[in-house]
Amino acid sequence: MMTLRQIEVVRAIMVTGTIAGAAKLLNVSAPGISRLVKYTENSLRVRLFQRRNGRFLPTPEAQDIFEQINSVYKKVDDLSFTISRLERGELAELRVGSVPSISNVMMPRAIARVRRRYPGLRIDINILKLEEAIDYLLLGHGEVVAMSYRLDHSGLDFLPLASGHLYCIVPEGHELAGRAAIGAVDIVRYPLIGIDPHDPYGRIMTEIFERLHLNYDITIRARFGTTVCALVRAGLGIAVIDQFTVADGNIPGIKLLRIEEPTAFETYVALKHQTTMSVYAEHFVACLRDEMRRDQPP
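Below is a short write-up of the structure.

Quick notes on the rules
- Residues numbered from 1 in each chain as written.
- Predicted model: local features only at pLDDT ≥ 70, side-chain atom pairs only at ≥ 80, totals over all residues.
- Heavy atoms only, no water.
- Helix = DSSP H or I, 4+ residues; strand = E, 2+ residues; numbered from the N terminus.
- Rg over C-alpha atoms; globule rule 2.2 N^0.38 Å.
- Contact = heavy atoms within 4.5 Å.
- Areas by Shrake-Rupley, 256 points an atom, 1.4 Å probe, with all protein chains shown as cover.
- Lys, Arg positive; Asp, Glu negative; His and termini not counted.
- Charge placed at Lys NZ, Arg CZ, Asp CG, Glu CD.
- Pairing = 2+ DSSP bridges.
- Axes fitted to C-alpha atoms, helices over the stretch in contact; angles between N-to-C directions.
- Core = buried A, V, L, I, M, F, W, Y, C linked by side-chain atoms within 4.5 Å.
- Buried < 20%, exposed > 50% of the residue type's maximum accessible area, 1.4 Å probe, protein only.
- Expected span 1.5 Å × (residues − 1).
- Salt bridge = Lys/Arg side-chain N within 4 Å of Asp/Glu carboxyl O.

With respect to the overall build of the protein chain
Phase 1: Of the regular secondary structure elements, the protein chain holds 11 helices and 13 strands.
Phase 2: At 32 Å, the protein chain has a C-alpha radius of gyration far larger than the 19 Å of a compact globule built from 298 residues.
Phase 3: Overall, the protein chain is about 100 × 40 × 25 Å in size when its C-alpha atoms are taken along their principal axes.
Phase 4: Sequence-distant contacts, at least 24 apart, represent 72% of the contacts inside the protein chain between residues at least 6 apart.
Phase 5: Summed over its atoms, the accessible surface of the protein chain is roughly 15900 Å², and 51% of this surface lies on carbon and sulfur atoms.
Phase 6: Between the mean site of the 36 positive side-chain charges and the mean site of the 34 negative ones, the protein chain shows a separation of 12 Å.

Here it is as structure tokens:
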């Protein structure tokens, strides 16, 4: 049997044709190469090289050995090539989902970082309603889903993402636009857009209103935060929305007001119970978590 080191040395001599050349290729001393060749020939009882005019030429007796050595190195090269493609993401696809509030700004930020790390990775993004996330994960349509709250489901596991707060948004030029903060008692004085009591964020404000015994009127309901912002910008009312939808101040024509009552909430990444994320999904989650945790609303 030959060790990997012996195979490496023999091939180096085959490639360079000299002991000195093999030593330089392997970055070792020439005497060490010479001793190892002699030892290998003695242990195999086969002469591997003919010494002629300072060069080492493969012997006919060792031809089969050299062919096997080349075959081994070809497989190693193929393995290295495959590994390098995996490192660039060229042989994989990342499939992730997100609720609309996180997909608007945070998802593109995270995906941009994933793309820089894995430029060859194929990426499939699904924007999902909360109730759609369960089937998406359990049926194997994707690896992870960014969620605005934690479901009670035995088939899913949840990992923390980031904490957030709600903000009141009003149109620019609105009588409230000059204020930095607003309380629930003032919010209910105006027509409200998009606060669904069954929505995770809507539930927070609903509980505040009920605790303070405040009546409120939802004049328009809209499913997605971007639509709510557009309706507010059009002057159809004011709204309460999460900080991640309006991150970066990316929606012109509206003003954010801090809500005086506590409105903190937690976000999560959901994945199928007892599954292991791919390295690409792990990197995506790390990037998404970092982007969301460093978000500072204006």
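Here we look at the sheet that holds strand 10 (residues 218-220)
Phase 1: Pairing is mixed in the open sheet, where 6 strands are placed in the order 8-12-7-11-9-10. In this open sheet, the two strands that pair with only one neighbour each are strand 8 (181-182) and strand 10.
Phase 2: Pairing of strand 7 (residues 166-171) with strand 11 (residues 238-242) involves 4 bridges; the strand directions are antiparallel. If you follow Tyr-167 over to strand 11, its bridge partner there is Ile-241.
Phase 3: Packed onto the sheet, helix 9 (residues 200-211) meets strand 7, strand 9 (192-193), strand 11 and strand 12 (254-259) and runs at close to 90° relative to strand 7.

A word on the nonpolar core
Phase 1: Counting 65 residues, the largest nonpolar core has Met-147, Ile-187, Phe-284 and Leu-288 as the members making the most contacts within it.
Phase 2: With 7 residues, helix 11 (residues 279-293) is the largest single contributor of residues to this core.
Phase 3: Apart from the residues lying within four places of it in its own chain, the contact partners of Leu-288 are Ile-102, Met-106, Met-107, Ala-110, Ala-146 and Leu-161.
Phase 4: With 18 residues, the next largest nonpolar core counts Val-9, Ala-22, Ile-33 and Phe-56 among its residues.

Some points on helix 1 (residues 4-16)
Phase 1: Under the 1.5 Å per step criterion, the end-to-end length of helix 1 is 18 Å for 13 residues, consistent within 8% with the ideal 18 Å.
Phase 2: Taken together, the buried positions of helix 1 are occupied by Gln-6, Ile-7, Val-9, Val-10, Ala-12 and Ile-13.
Phase 3: One or two steps after helix 1, the chain reaches Gly-17, where phi turns positive at roughly 85°.

Description of the pattern of salt bridges
Phase 1: According to the stated counting rule, one finds 8 salt bridges in the structure shown.
Phase 2: In this structure, Arg-113 and Glu-291 form a salt bridge, with 3.0 Å as the shortest nitrogen-oxygen distance. Residue Arg-113 is located in helix 6 (residues 106-117), and its partner Glu-291 is located in helix 11; the two are separated by 178 residues in the primary sequence.
Phase 3: For Arg-113, a relative accessible area of 25% puts it in the partly exposed group.
Phase 4: On the basis of relative accessibility, which here comes to 4%, the residue Glu-291 falls in the buried class.
Phase 5: With a shortest N-O distance of 2.6 Å, Glu-291 and Arg-294 are connected by a salt bridge.

Some points on the sheet that holds strand 4 (residues 122-127)
Phase 1: An order of 4-3-5-13-6 is seen for the 5 strands of this open sheet, with the pairing classed as mixed. Taken across any chain shown, the strands that pair with only one partner, and hence form the sheet edges, are strand 4 and strand 6 (156-164). Across the sheet, the axes of successive neighbouring strands diverge by a mean angle of 20°, strand direction being ignored.
Phase 2: Across the sheet, helix 7 (residues 130-138) lies against strand 3 (93-98), strand 4, strand 5 (144-147), strand 6 and strand 13 (265-272), angled at about 165° from strand 5, the strand it touches most.
Phase 3: Contacts from helix 11 reach strand 3, strand 5, strand 6 and strand 13, with the element oriented near 25° to strand 6.

With respect to unusual backbone geometry
Phase 1: Despite not being glycine, Arg-45 shows a phi value in the positive range, around 60°.
Phase 2: Structurally, the position occupied by Arg-45 is in the loop between helix 3 (30-44) and strand 1 (49-52).
Phase 3: Since its relative accessible area comes to 79%, Arg-45 is described here as exposed.
Phase 4: For His-213, which is not glycine, the phi torsion reads 60° and is therefore positive.
Phase 5: Using a relative accessible area of 72% as the deciding quantity, one classes His-213 as exposed.

Concerning the pairing of strand 11
Phase 1: Counted residue by residue, strand 11 has 5 buried out of 5 residues, so it is predominantly covered.
Phase 2: Side chains Ile-238, Val-240 and Asp-242 project from strand 11 onto one buried face, and the interleaved Ala-239 and Ile-241 project onto a second face that is buried too.
Phase 3: In the sheet, strand 9 pairs with strand 11 via 2 bridges, with the strands oriented parallel. Each residue of the ladder has a partner; that of Ile-193, found in strand 11, is Ala-239.

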